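# Report on the structure
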Amino acid sequence: MFDLAGAVDGFLRAASQVEGLEFLSELQEDYVESDDDFYFVAEGERSDEDVPQSLYMAMTNAQAVTELVRLFELWQQDPSVTFARGLNPLKDVFGLLRGIRRWGAEDRVRETGLLDQWREDAEVVGSQGVTRVEIELWFRRNEESRREAEDEVRRILAEAGAEAIATSQHPAIAYHAMLADVPMSEVERVLADGPDAIELLTAESVMMVSPSRAMVVETTDPVEEGLEFDAATFATGPPRVALLDGVPLAAHAALEGRLVIDDPDDHTARYGTAQLRHGTAMASLIAHGDLAAPGAALSQPIYVRPVFEPHPVLARAESVPRDELLVDLIHRCFHRIFEGDGEQKPAAPSIRIVTMAVGDPARVFVRRLSPLARLLDWFAHHYNVVIVVSGGNQSGTRPTLNAEDLDEPAAVEAAAARSLFESARHRRLLSPAEAVNVITVGALHSDAGNTDLPDTVIDPIPSGTPASYSPVGFGFRRSVKPEVLLAGGRQVFSAPPPGQREGTVELQPADSPRHGPGLRTASPGLSGQLDAVAHSCGTSNSAALAARSLSEIMDVLDAVRAEPGDGPFPDAQYDPVLAKALLVHAAGWHDSLPQMRDLLGLTGQEVRRELTRIMGYGPVRAERIATAERTRVVLLGAGSISKDQRHSYAFPLPPSLAATTEWRRLTITLAWLSPVNVHSQKYRMARLWFTHSKDDLAVAPVEADANAVLKGTVQHQVLEGTAAAGYVAGSNLAIDVDCRVDAGSLPNPVRYGLAASLEVAASVAVDLHAEVRAQAQAVARTRAQVR
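What you see is a predicted model; the values in this text were computed from it and never measured. (Residues numbered from 1 in each chain as written. Predicted model: local features only at pLDDT ≥ 70, side-chain atom pairs only at ≥ 80, totals over all residues. Heavy atoms only, no water.)

Of the regular secondary structure elements, the chain holds 16 helices and 34 strands. A total of 787 residues make up the chain; the buried ones form 56% of that total. Counting only contacts in the chain whose residues sit at least 6 apart along the sequence, the fraction spanning at least 24 positions is 79%. Surface accessibility of the chain: about 31200 Å² in total, with carbon and sulfur atoms responsible for 48%. (Helix = DSSP H or I, 4+ residues; strand = E, 2+ residues; numbered from the N terminus. Buried < 20%, exposed > 50% of the residue type's maximum accessible area, 1.4 Å probe, protein only. Contact = heavy atoms within 4.5 Å. Areas by Shrake-Rupley, 256 points an atom, 1.4 Å probe, with all protein chains shown as cover.)

This is the structure in structure tokens:
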């Protein structure tokens, strides 16, 4: 079995003895890349995953590569062979590997889906025409070396009759790529003779070649109904939420006076009124929520930057432009918002939340962070914003069950849940959902409708559990992804006809009936009417609702800051990390835990591990978002922390719970925005975590996997207990926040937000909120007097 840490340690011990050995970004912590590196790969299997795992490394000269491969071959022939002085530690590493070889053509296409896409292209268009690809080059820190590498690829393309469409370089995320059209004759050579058949896939400068498949969002037909909204409630002030999506119908009854549309690329000119669907739906959800049960409209307008256009073929779909690299498009959007274009001032510097439903079908997350994920991580920290990303819809796997179960609703639910669980590995995150600084949102099989379904469809997924189309984790370095689940709409399936109910049945998705299910959103009418609605399901819906909730949280933070409170309240610069913390703080498995455990047949330690992979931190409970009540008290903290520092907080414990055995739940959430080191495998520079004196309350963790919660930029733990609380009146719960550096050195202190809550059952006759608040106010008064 492949031990990543052991392999790295072994290589590090022996590295200095092999002339020219350096470590590529996937391995070392502070690798300074040479401009003459030669890449190779070591392969094995992870001990915790039955899938191939690879280490990608670089040597600064070709002779060093040859020497390492030679040593491995010698060891294969005779494991007892003695190497030269200082090289014997390599044998420990060799024992963990299946092979060591040069980076080759197969590596350049292995995880990109290029060969599968080219087979489809060949079946459709034959030997005529071209196919578009994205070529990612090894990033060189030296500008002249990057130019030379790009010139080499341009030469290769020209000699093959291919054409370079666009090129992009972003040193901050170590990204260098080209967009090109490749003749189908080259495709046929690869399909016939393998990746080594064409020079593009063997060029040393090329890291990977992916199919360039425009990200597509599908829409649903509207229902012609009259919607009415009070014109007196128009949004005012600068925008707080930015939506990167399609062009919305600004004159729709639900959106009039609520949008600021910034369209420098004139996407609007490409749409007909009836095509303005996806952007309209997303803006509607952010502004009002599910229109089947709308909430109070956001008080600020929504900034909209169009990044979609009508699909050239599919009537009910929109897609990103094909002639620009997606990383470039998103980079231009953020730069314009916060820094402006050329002489133009920033378009919307007041933005604190950015939401997008851009899932790249050519970048299914396996192990590597995509360039777009790295870009969003950099932007989140650099501009101090919360970025909300949908996990990406995965409709390829469908529930499979025995036909005899179709007449038993309970059996159908259990069989469907188990079927989806067994196929979960096929529903991975779509780029950029693996980004570590963003909030990634999955979908619940839920909406506000109460639809009676016709006999032609069935609904096999229990309401409030993960949707069949929602992706599963884990994220980068096995972090919790998606972090939270919100309503995405119920996806129903066609009921098999009675004559076909034999053996095993794979359920097929059905179009939502005219009046649902699905989230109800604003939509242009078929003839351009301004008061129509539609029903839909998808993770983009969930992301839009998350952005709405984050904005509502910031409203609460503004209101608390403006009132005379219980002490100094965190400055507005901490609103993004506090909002991030409070959104996740409202999530939990709670009632879903026994339901999902029983549906999936999970036991023992696998319960927390598998449910973390499927549910993340759990469904967000709307009633728990930035709220408190008599039996639940919430305290907030925030600050900026540097390497090796500790910040300590004291949570006043309510006297009424001292020495009692009442059930209690302690929830603590820590969120931050970390700078990233794109030249390190560890990537996340700032590793923050909290610890607490749990013995005082006699509680223990009951939800998310203890290891996974430490891998991202949100640590969220739920602890419960009923044993006698071992503290006396006047005691505090100590919560410490620590900071270490994983990769590189921190350029500045890191902002974080902390939320902690304590609750008891609603039947308990105590006022936790009043008790804890009185203690906190007393401490604040004492500190004020000292000052």
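Note on sheets: strands pair through backbone hydrogen bonds, and any given pair is parallel or antiparallel. Spatially, the 5 strands line up as an open sheet ordered 27-34-29-32-31, and their pairing is antiparallel. Of all strands in the sheet, those bounded by a partner on one side alone are strand 27 (632-641) and strand 31 (700-701). In the sheet, strand 29 (residues 664-672) pairs with strand 32 (residues 714-721) via 8 bridges, with the strands oriented antiparallel. Looking at the pairing, Arg 665 lines up with Glu 720 of strand 32. (Pairing = 2+ DSSP bridges.)

Looking at the secondary structure, you find Ser 205 in the loop between helix 7 (184-193) and strand 8 (206-211). For Ser 205, the side chain forms a polar contact with the side chain of Glu 152, separated by 2.6 Å. Those residues in contact with Ser 205 that lie beyond four places of it in its chain are Leu 137, Trp 138, Ala 149, Glu 152 and Val 153. (Polar contact = N/O pair within 3.5 Å; in protein donor to acceptor, adjacent residues only side chain to side chain.)

As a further point, take the sheet that holds strand 6 (residues 163-170). An order of 6-7-5-8 is seen for the 4 strands of this open sheet, with the pairing classed as antiparallel. In this open sheet, the two edge strands, each paired with only one partner strand, are strand 6 and strand 8. The sheet shows a mean angle of 20° between the axes of neighbouring strands, taken without regard to direction. Relative to strand 8, strand 5 (residues 130-137) runs antiparallel, the two being bridged by 5 bridges. Each residue of the ladder has a partner; that of Glu 136, found in strand 8, is Met 208. Helix 7 rests against strand 5 and strand 7 (175-183) of the sheet, and its axis sits at about 95° to strand 7. (Axes fitted to C-alpha atoms, helices over the stretch in contact; angles between N-to-C directions.)

Attention shifts here to the nonpolar core. In this structure, Ile 330, Phe 334, Ile 387 and Leu 611 are the most contacted members of the largest nonpolar core, which totals 126 residues. At 9 residues, helix 12 (residues 539-562) tops the list of elements feeding residues into this core. Leave out the neighbours within four places in its chain, and Ile 387 touches Phe 334, Val 354, Leu 376, Phe 379, Ala 380, Val 438 and Ile 439. With 34 residues, the next largest nonpolar core counts Leu 666, Ala 686, Leu 688 and Leu 733 among its residues. (Core = buried A, V, L, I, M, F, W, Y, C linked by side-chain atoms within 4.5 Å.)

Turning our attention to the environment of Leu 325. Mapping Leu 325 onto the fold places it in the loop between strand 14 (317-319) and helix 9 (326-338). Take Leu 325: its relative accessible area is 1%, and that puts it in the buried class. Residues Leu 325 and Ala 177, 148 residues apart in the sequence, show an inter-C-alpha distance of 8.3 Å.

On to the pattern of salt bridges. Once their charged atoms are close, side chains differing in charge can pair, the charge on each being opposite to the other. If you walk through the whole model with that rule in mind, you get 38 salt bridges. Among the salt bridges present, the one from Glu 136 reaches Arg 374, with a minimum N-O distance of 3.9 Å. With Glu 136 in strand 5 and Arg 374 in helix 10 (residues 371-383), this pair connects stretches of sequence that are 238 residues apart. There is no split in this pair, since Glu 136 and Arg 374 are both buried. One salt bridge in this structure joins Glu 324 and Arg 332, with 2.9 Å as the shortest N-O distance. Assessed through its relative accessible area of 23%, Glu 324 is described here as partly exposed. One salt-bridge network, in which partners are shared between bridges, spans Arg 240, Asp 555, Asp 558, Arg 561 and Asp 575. (Salt bridge = Lys/Arg side-chain N within 4 Å of Asp/Glu carboxyl O.)

Our focus in this paragraph is helix 9. Compared with an ideal rise of 1.5 Å per residue, which puts 13 residues at 18 Å, helix 9 spans 19 Å between its outermost C-alpha atoms and is within 8% of the ideal. Three or more residues of helix 9 are buried, namely Leu 326, Val 327, Asp 328, Leu 329, Ile 330, Cys 333, Phe 334, Arg 336, Ile 337 and Phe 338. Backbone geometry just downstream of helix 9 places Gly 340 in the positive-phi region, at approximately 90°. (Expected span 1.5 Å × (residues − 1).)

This paragraph deals with the environment of Leu 68. Locating Leu 68 in the fold gives a position in helix 2 (residues 62-77). Residues Leu 68 and Leu 90, spaced 22 residues apart in sequence, show a C-alpha to C-alpha distance of 9.3 Å.

It is worth spelling out the pairing of strand 26 (residues 532-536) at this point. In summary, the side chains of a regular strand alternate between the two faces of the sheet. Within strand 26, 5 of the 5 residues are buried, which leaves it mostly tucked inside the rest of the structure. Of the two faces of strand 26, the one holding Ala 532, Ala 534 and Ser 536 and the one holding Val 533 and His 535 are both buried throughout. Bridge count between strand 25 (residues 519-523) and strand 26: 5 bridges; the pairing is antiparallel. Of the residues in strand 26, the one forming a bridge with Leu 519 is Ser 536.

Attention now goes to the packing of aromatic side chains. This model, assessed by the stated rule, comprises 11 aromatic pairs. Through successive ring pairs, a cluster of aromatic residues spans Phe 334, Phe 338, Trp 378, Phe 379 and Tyr 383. (Phe/Tyr/Trp six-rings, centres within 6.5 Å; stacked < 30°, edge-to-face > 60°.)

In the predicted model, the chain carries a mean pLDDT of 87, and 90% of its residues have values of at least 70. Long-range and interchain partners of residues 45-51, a stretch whose pLDDT sits below 50, account for 17 contacts in this model, where long-range means more than four residues apart. (pLDDT = per-residue confidence, 0-100.)

Further remarks concern the environment of Pro 482. Looking at where Pro 482 falls in the secondary structure, it is placed in the loop between strand 21 (457-458) and strand 22 (484-487). A residue is classified by how much of its surface remains accessible, and Pro 482, at 1% relative accessible area, is buried. In the structure, Pro 482 is positioned 11 residues away from Pro 471 in sequence and 7.8 Å away in space, judged by C-alpha atoms. If sequence neighbours within four positions are ignored, Pro 482 has contacts with Leu 429, Thr 440, Val 441, Gly 442, Pro 471, Val 472, Gly 473, Met 615, Gly 616 and Tyr 617.

There is a patch of nonpolar side chains on the surface, built from Val 216, Val 313 and Leu 314 and spanning about 260 Å² of accessible area. Owing to a relative accessible area of 33%, Val 216 belongs among the partly exposed residues under this scheme. (Patch = residues over 30% accessible without salt bridge, like charges linked within 9 Å, V, L, I, M, F, W, Y side chains within 5 Å.)

We now examine the pairing of strand 12 (residues 302-306). By the criterion of burial, strand 12 is predominantly enclosed, with 5 of the 5 residues buried. As judged from the 5 bridges shared by strand 10 (residues 241-245) and strand 12, these two strands associate in the parallel manner. Looking at the pairing, Asp 245 lines up with Pro 306 of strand 12. Crossover connection from strand 11 (residues 259-261) via helix 8 (residues 278-288) to parallel strand 12: handedness left-handed. (Right-handed = clockwise from strand over helix to strand, strands pointing away.)

Another point: the packing of helix 14 (residues 592-600) against helix 15 (residues 606-615). Across the interface, helix 14 lies against helix 15 with an axial gap of 11 Å and an inter-helix angle of 100°. As far as their axial angle goes, helix 15 and helix 14 are roughly perpendicular. In this structure, helix 14 uses Ser 592, Leu 593, Met 596, Arg 597 and Leu 600 to contact helix 15, whose residues at the interface are Val 607, Leu 611, Ile 614 and Met 615. Here the contact of helix 14 with helix 15 is composed, by residue class, of 7 nonpolar, 1 polar and 1 charged. (Parallel < 35°, antiparallel > 145°, perpendicular 65-115°, else oblique. Nonpolar A, V, L, I, M, F, W, Y, C, P; charged D, E, K, R; others polar.)

The subject of this paragraph is helix 15. The buried fraction of helix 15 amounts to 7 of the 10 residues, a majority that puts the element mostly inside the structure. Three or more residues of helix 15 are buried, namely Val 607, Glu 610, Leu 611, Thr 612, Arg 613, Ile 614 and Met 615. Turning to helix 15, the residues buried within the fold contact helix 11 (409-422), strand 22 and helix 14. Phi for Gly 616, located one or two positions after helix 15, is positive at around 60°.

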